[in-house]
Amino acid sequence: MDQGTRDEMLRRLAEAVGSVTVAHPTRVAIDGPPAAGKTTLADELAVVLRTQGRDVIRATIDDFLFARAQRYPRGEYSAEGCFFDTHDYEALNRVLLDPLGPSGDRRCQHAVYDRRADTVLSPPVTTAPADAVLVFDGVFLMRPELIDRWDLRIFVSTALEKTVDRAVIRERRVSSRADVERRWRERYIPSQRFYFATVRPTDHADIIVHNDEPQQPVWETQTH
């Protein structure tokens, strides 16, 4: 394991991205539980890569949700529903991950859904440079529907109990503490435990970032 400053960790991740040798855009997954710090890390890594001259496509699993009416057939607080009914992996592969892959034409879309308006999106198709980097954050990114699409896999690890406290702070303007805690304890945390038990995402990760203390991260590189 390595330990250092946030900047040191980001430089290490950027080096790992730069070490990927593929003849198509590099597809980077940043996986982890809700409120683990995935989005923040992905945004920071994108900044570092851009300062190095890389063309970065920044995207998130939150823009590949099913419409709200489809997401809750098992109930709003169902952990199984969180894992099985939430994300449109077929669309994600079709419009983004496969076009950027080894057999793709690099013509891609970064989203199919607007979660604020709960409407389908169809943004313009763009053509990515061959040396572009996709930095993609989200939950459940190591699951079988997606695992082979990534060229670099990063997992942001945080104690699940700590994510509850972070979520309460993050969502205090839109949700009560009681509502946030219920969603985390009934839906999100059990779905993550199921994911860990069935998929074992950290076994698939190339780099694990231990993010309990974001300004003093610990990270480890795994070989497969």
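No experiment lies behind these values; they were computed from the predicted model shown.

Q: Sorry, what's going on with the nonpolar core here?
A: Soluble globular proteins tend to pack their nonpolar side chains together in the buried interior. By size, the foremost hydrophobic cluster in this structure holds 43 residues, and its most contacted members are Phe-64, Leu-92, Leu-96, Leu-134, Phe-136, Trp-150 and Trp-184. Elements with a contribution of two residues or more to this core: strand E3 (56–60), helix H4 (79–84), helix H5 (89–97), strand E8 (133–137), helix H6 (160–170) and helix H7 (177–198). Sort the elements by how many residues they give to this core and H5 lands first, with six residues. Excluding anything up to four places from it in sequence, Leu-92 contacts Ile-61, Phe-64, Leu-97, Phe-136 and Leu-146. Counting 25 residues, the second largest nonpolar core, distinct from the first, contains Leu-10, Ile-30, Ala-46 and Val-209.

Q: Looking at this structure, I do not really get the pattern of salt bridges. What am I missing?
A: Pairs can form between side chains of opposite charge once their charged atoms are near each other. Taken as a whole and judged by the stated rule, the model has 19 salt bridges. Note that Glu-161 and Arg-185 form a salt bridge whose closest N and O atoms lie 2.7 Å from each other. With Glu-161 in helix H6 and Arg-185 in helix H7, this pair connects stretches of sequence that are 24 residues apart.

Q: Can you walk me through the side chain of Asp-85 in this structure?
A: Along the chain, Asp-85 turns up in the loop between H4 and H5. For Asp-85, a relative accessible area of 13% corresponds to the buried category. Polar side-chain contacts of Asp-85 include one of 2.6 Å to the side chain of Arg-74.

What counts, and where the lines are drawn
Residues numbered from 1 in each chain as written. Predicted model: local features only at pLDDT ≥ 70, side-chain atom pairs only at ≥ 80, totals over all residues. Heavy atoms only, no water. Core = buried A, V, L, I, M, F, W, Y, C linked by side-chain atoms within 4.5 Å. Buried < 20%, exposed > 50% of the residue type's maximum accessible area, 1.4 Å probe, protein only. Helix = DSSP H or I, 4+ residues; strand = E, 2+ residues; numbered from the N terminus. Contact = heavy atoms within 4.5 Å. Salt bridge = Lys/Arg side-chain N within 4 Å of Asp/Glu carboxyl O. Polar contact = N/O pair within 3.5 Å; in protein donor to acceptor, adjacent residues only side chain to side chain.

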